[in-house]
Amino acid sequence: MTITRTAWRAVNRQVYSQRSSLLTTASRRLWSTSVGGASKSLGSLGKFLKVSEAVQDAIATNKPVVALESTIYTHGALGDDLDLEGIVRRNGGVPAVCGILEGVPSVGLLPEEVAHMVASSPKKVSRRDIAFLTGMGMMGQRINGGMTIAGTMILARLAGIRVFGTGGLGGVHRDGHNTLDISADLTELGRTRMAVISSGCKGFLDLPRTLEYLETQGVLVSTFADGRNGNVDFPAFWARDSGTKSPFVVQTEEQAAAMILAQESLGIESGLLFANPIPEEFSIPRDEMNKIIDQAVRESEKQGASGNENTPFILKKIRELSNGRSVPANKALVQANVERAAKVAAAVSQIISGDIAAPVQAKSQPQSYTIPKLANKPVINDVQETKPKVEGADIMVAGSVAIDLNCDYAGPGSANDPAPHLKTSNPSRISQSIGGVGRNVALAAHRVSGDMKVRLCSMVGNDIAGSTVLASLTSAGMDTQSIRQLSGPSSRTAQYVAVNDANKSLVLAMADMDLFTTHSFPAEWSAEVAAAKPKWLVVDGNWSEPSIRSWINAGKKSGAKVAFEPVSNAKSARLFCSAKNMEQLGVYPRHHVDLATPNQYELAAMHAAAQQNGYLENQKWWEVIDAFGMKGARERFVSITSAAMTDAGIPQQAIQLLPYVPTIITKLGDQGALLTSILRKEDPRLIDVAYEPFILCRSFHDHPDIGGVYMRLFPVAQTVDDVVSVNGVGDTFLGVLISGLAQGGEIENLMHVSQKAAVMTLRSSESVSEELGSLTGELAASRAM
């Protein structure tokens, strides 16, 4: 940010006065926004915390981001040419200045916004002040605030930033053991996970007690060696050496990045302090600096400067006593720290993306570390493979787990024009969560299954996203023992991006699921399913065609019922792929797949693939179709569904796929769900008058197993006007349905409670509603119907 202080004060005062009424309106809108309408990437914080688009984009795309405090501009005395944001950008990073603008906590302040803050006599804001200024902003009193180190740590952490570059840290003041004058920076480091790069602490503080206090707070303190060997001193701001040894020493930015990611992966919430010694050419010799400091402290005591007045008084005296040398030294160290922070942030991004291989512990040498070479063949994480396997599971779900990004269009006039516009940037609310079809189905089943065991079989990369996924699954109480963690260039954790219109309806989705189409372990999968002996195995369409067939075969060999979730139009066709070098799909009654849950478009894609690849020419398929004995069925189709559905071919397509999948539930959005199923000869529904409206046809053919076809349209459980997100709705439906089936329920008795679960997810900001557990009793009751 190359802006002079004079220019700051002169920037568009008139513009800001004209904008004040607009800001009042915007502020009211901000505080009145419902939690459900806030940015899901920040949860309910989305209505309290403003994060710039540049910072949001950088975090979402794994670009290096460096947090910067705004007090260095609003309350600093270092001149107009620090150019800290330029330093970050020249090192490949995105700067994120933090502060409170017009009563709104903000991350990624623009130059003109900082200029406005500087000109408005802003408050100095630490942890204790944030709620006051924000609350006053909610009530219309728009106060600006420059963020201290402690305050910046909080906002940066909430925004998802890992690295913060600053000048000098606060500490324990001399005689602090009596006065209890201890900087809030230290306690913040004890409770907020943030990597802070500073030039140690200001030299007039009690450095030994400061380090002791940081140790008590559980803060990792390490000093960059900066070309030195062996133990080095913890720096004293203007002096490279303090006479107090640093607890740890770090040689490179990559080492610091690895520590940051280790802290994050282990879930340790305290901060990390990386001390960066002032560049040697600007340092002031320790002995000389100590004399200057001692005199400044004595004069401070004589003048009675205490509390908030103490540090500014001492800094002013040091400037005088050093003949002004402390000022260029201060500027140089701040710039050096920010440059170091940008390099550390870049190293973090490179480790996450796999451009830098993170060290792993060697099995044969517990105390040594090696850097593995990335190979095309995935390396299965050793820890994952040595986990004990659970002997049994009632439900197994073989499918994807992914990082989900949900983009809801939020443009002006979206009520009348709800669709985003092509080939341009659209305003939206973007949220991030853990998702994936397999994960969602498994989690939904887990939340309503009581004592039944639900196991997810999936894969993640050996990256930060993978570790985040595993931690999320564990925190939800799910079994993760059948999730493989893979390493290698083709082993990125899966990601899914959904673009929705203003009504939350899907417009476009992009999925990176290469992990599931690239890697296959059929022998291991078969062994796991055989050992677990599940009642139901759910397979989603994210796997490759051979993998889908391997999972299905493993399920049938173990005696499990198999359900197929198509996932998307393109992936739904994988069930009916060209079957060269693969075992053929079985035809009723020796079918391999018992249930499928496509939407109407996926049903059409499945039907087209079956037709194209010869599945509808199989002699055994014809035998089943002939056994239905259907002639002139249009009137029955229209009666059970509607003329529109019949004209769209939905019931006809379902009928033609029944020989391969004898129960198909076609999800029709606000039109409900169409259940189509083969009835065996002995099925009591064939002679029960209550079911007569849903018997599409009866078989008078001599087929030994087929008695007829059941077709029933289930209307939606409830019309939902307050949709929060459509993400995971169909997955929730299937997960609850499978749980009910595994508990012995009949499918038509489970439809309503499964649709009710889908409604709960529609109203949830999560891809699987956290309230599903409330349906456990209703699910049990449906079994007795």
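Let us look at the structure shown here. What you see is a predicted model; the values in this text were computed from it and never measured.

Basis of the calculations
- Residues numbered from 1 in each chain as written.
- Predicted model: local features only at pLDDT ≥ 70, side-chain atom pairs only at ≥ 80, totals over all residues.
- Heavy atoms only, no water.
- Patch = residues over 30% accessible without salt bridge, like charges linked within 9 Å, V, L, I, M, F, W, Y side chains within 5 Å.
- Areas by Shrake-Rupley, 256 points an atom, 1.4 Å probe, with all protein chains shown as cover.
- Salt bridge = Lys/Arg side-chain N within 4 Å of Asp/Glu carboxyl O.
- Helix = DSSP H or I, 4+ residues; strand = E, 2+ residues; numbered from the N terminus.
- Contact = heavy atoms within 4.5 Å.
- Buried < 20%, exposed > 50% of the residue type's maximum accessible area, 1.4 Å probe, protein only.
- Pairing = 2+ DSSP bridges.
- Axes fitted to C-alpha atoms, helices over the stretch in contact; angles between N-to-C directions.

Observations regarding a nonpolar patch on the surface
Move 1: A contiguous nonpolar surface patch, about 290 Å² in accessible area, is contributed by V507, L508 and M510.
Move 2: Relative to the assigned elements, L508 resides in strand β21 (residues 506-512).

Examining the environment of H752
Move 1: Note on placement: H752 falls in helix α29 (residues 747-762).
Move 2: For the pair H752 and E778, spaced 26 residues apart in the sequence, the C-alpha separation amounts to 10.0 Å.
Move 3: Contact partners of H752, with chain neighbours within four places excluded, come to A717 and E778.

Remarks on the pattern of salt bridges
Move 1: Scanning the entire structure with this criterion turns up 32 salt bridges.
Move 2: For R191, the salt bridge identified is with E188, shortest N-O distance 3.8 Å. Of this pair, R191 and E188 both sit in helix α10 (residues 184-191), three residues apart, which is roughly one turn of that helix.
Move 3: We classify R191 as partly exposed; its relative accessible area is 46%.
Move 4: A relative accessible area of 0% places E188 in the buried class.
Move 5: Residues R240 and D226 are paired through a salt bridge, measuring 3.1 Å at the closest nitrogen-oxygen approach. Taken together, the residues span a long stretch of sequence, with R240 in the loop between β9 (220-224) and β10 (248-250) and D226 in the loop between β9 and β10 at a distance of 14 residues.
Move 6: What you see here is one network of salt bridges that share partners, running through D226, R240, E253 and R340.

Focus: the sheet that holds strand β16 (residues 402-409)
Move 1: A sheet is described by the order of its strands in space; here four strands give the open sequence β17-β16-β20-β21, paired in mixed fashion. The open sheet is flanked by β17 (428-435) and β21, the only strands paired with a single partner. Averaged over all pairs of adjacent strands, the angle between their axes in this sheet comes to 15°, without regard to strand direction.
Move 2: Judged from the six bridges that link them, strand β20 (residues 494-500) and β21 form a sheet pairing that is antiparallel. Pairing of V499 across the sheet is with L508, part of β21.

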